[in-house]
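Structural features, examined
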Amino acid sequence: MVMFFYGSKGKSNPVSMENRVDHQTKNQRTYDIHLPSDLGMLFKVRLGLQSLENSISQLSVHHFKIQNTSTLDTFSLTINKTLPLSLNGDRWIEFPIHWPLKKALSVVTYHLTVFSTNILSERNLVHMTACIYGTYGDTGDRSLLQSLQNVQHGEENESFLVIVDAVELGELDKIVLLISSKTDCKLNIKKLHVKEAAKEHPIYVFEMNRELSVGANEPEIQRDIPRSFVIRGDKQKDDLDSNLTKGGSQARNVTEYTIKVYTGDKRGAGTDANVHIVLFGNEDKSEVFQLSQSLEHQNPFERGKVDTFKIKTKKLGSLYSIEIGHDGKGFASGWFLEKVEITDASRNSVYCFYCNRSVDQSIFTLYTQFSFPQELAV
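Quick caveat: nothing in here was measured; it's all calculated off a predicted structure.

Comments concerning the overall build of the protein chain
- Along the protein chain, the regular secondary structure elements total 3 helices and 27 strands.
- Within the protein chain, the proportion of its 378 residues that are buried is 41%.
- Summarising the internal contacts of the protein chain: among those between residues at least 6 apart in sequence, 66% fall at separations of at least 24.
- In the structure as shown, the protein chain presents an accessible area of about 21100 Å², 45% of it carried by carbon and sulfur atoms.

Quick notes on unusual backbone geometry
- The peptide bond linking histidine 201 to proline 202 adopts the cis configuration, its omega dihedral lying at 0 degrees.
- Within the secondary structure, proline 202 is located in the loop between strand S15 (185-196) and strand S16 (203-214).
- The backbone phi angle of phenylalanine 301 is positive, close to 65 degrees, even though this residue is not glycine.
- Mapped onto the secondary structure, phenylalanine 301 falls in the loop between strand S21 (289-291) and strand S22 (306-314).
- Unusually for a residue other than glycine, asparagine 356 sits at a positive phi of about 55 degrees.
- Within the secondary structure, asparagine 356 is located in strand S25 (residues 349-359).
- You can call asparagine 356 partly exposed: its relative accessible area is 47%.

Some remarks on the nonpolar core
- By size, the foremost hydrophobic cluster in this structure holds 35 residues, and its most contacted members are Leu144, Ile175, Leu177, Ile189 and Leu192.
- Elements that contribute at least two residues to this core include exactly strand S8 (107-116), helix H1 (119-122), strand S9 (127-134), strand S13 (158-167), strand S14 (172-180), S15, S16 and strand S17 (220-226).
- Contact partners of leucine 177, with chain neighbours within four places excluded, come to Thr129, Ala130, Leu144, Ile189, Leu192, Met208, Ile221, Gln222, Arg223 and Ile225.
- Within the second largest apolar cluster, 24 residues are counted, among which are Tyr257, Ile322, Trp335 and Cys355.

Thoughts on the sheet that holds strand S18 (residues 229-231)
- The 6 strands are arranged S12-S13-S8-S15-S16-S18 in an open sheet whose pairing can be described as antiparallel. Lying at the two open borders of the sheet, with one neighbouring strand each, are strand S12 (149-153) and S18. Taking each pair of neighbouring strands and ignoring which way they run, the sheet shows an average axis angle of 30 degrees.
- Bridge count between S8 and S15: 7 bridges; the pairing is antiparallel. Counterpart to threonine 113 in the pairing with S15 is histidine 193.

Topic: the confidence of the model for the protein chain
- With 81% of its residues at a pLDDT of 70 or more, the protein chain shows a mean pLDDT of 81.
- Per-element mean pLDDT across the protein chain ranges from 48 in helix H2 (residues 234-244) up to 94 in S8.
- Across residues 236-251, where pLDDT falls below 50, the model places 11 contacts with residues more than four positions away in sequence or in other chains.

Examining the packing of aromatic side chains
- As enumerated under the stated definition, the model contains 6 aromatic pairs in all.
- Clustering of aromatic rings is evident, with ring pairs tying together Phe64, Phe75 and Phe95.
- Stacked on the ring of tryptophan 92, the Lys or Arg arginine 46 has its end atom at 5.2 Å from the ring centre.
- Sitting above the plane of the tyrosine 262 ring, lysine 339 keeps its charged end 4.6 Å from the centroid.

The rules behind the values
- Residues numbered from 1 in each chain as written.
- Predicted model: local features only at pLDDT ≥ 70, side-chain atom pairs only at ≥ 80, totals over all residues.
- Heavy atoms only, no water.
- Helix = DSSP H or I, 4+ residues; strand = E, 2+ residues; numbered from the N terminus.
- Buried < 20%, exposed > 50% of the residue type's maximum accessible area, 1.4 Å probe, protein only.
- Contact = heavy atoms within 4.5 Å.
- Areas by Shrake-Rupley, 256 points an atom, 1.4 Å probe, with all protein chains shown as cover.
- Core = buried A, V, L, I, M, F, W, Y, C linked by side-chain atoms within 4.5 Å.
- Pairing = 2+ DSSP bridges.
- Axes fitted to C-alpha atoms, helices over the stretch in contact; angles between N-to-C directions.
- pLDDT = per-residue confidence, 0-100.
- Phe/Tyr/Trp six-rings, centres within 6.5 Å; stacked < 30°, edge-to-face > 60°.
- Lys NZ or Arg CZ within 6 Å of the ring centre and 35° of its normal.

Put into structure tokens, the structure is as follows:
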């Protein structure tokens, strides 16, 4: 059995239950553990079975008690659960720590839906886990292919539901997938949706659209999937629309982005096609914008030129990627894109996205190379 402790300043390494205290009473085990002092105020514990490949196939936990030997602050909780929680199910239990005069977080059931094309046919060959990250920490690695629910089969698409119980995570940021297999196989993962089971919205969408190869040459792979966007409920949308009609709220919810597009200085670099762009931040994504009204040139995207565009949209948070492409129309539709610089007026930040390649009608996804305060931009 191992434990993870979460504090206001960070998360502990796995704590193994090895230093058992002598003179145990029946059905009770006491351990001395040493946590780093820089964790801050503890607010969450995750305990579970690191592996089932040992003599213990199940672990029953009836009561948990922790005491700070320096301050004598004590927390206790009745659990009465057996790990794994179901046949081939979750090996972890999470619970918040309730300290006097401190508001504790709640335990939430999350629904994680995986959309793919072939995972179900390969499920017996691979081991796959997901770790969901949010404002208040992470879920740790949770198995995706052990106890599936709501399995949907289609001609080209499939999906399945995984239920994860965890202390509430706040706003979700990313999912880390860990996939391992001793047999060569390819998995095509389209996207993942995460929401609280008790609520219809919000739904956090993590788009992937990628084929992963795992096997003898690369028996284990890890992929970080940042949040793509959030699907809000009708009431949340109505509240947002209402805010956008009010002068004071509009300033808080909408920001201006200045987009500088650098066309390469080489033969045939310019384009007459219609260029569009989508911005992705850690809070939301923008709608599709056509880049047509350059502030410098009547004909944008000419060889060796820099064109500036201004757009207004909802605040997206810290930008991490963009999608940019064109419709291929016009006499000279080929386009060599050097880079894109985007200034966020509300965050006083400049984000740089390097391309240095020809852009055809396909949509190119570029990721932030670096960002810096606006006053340092040259």
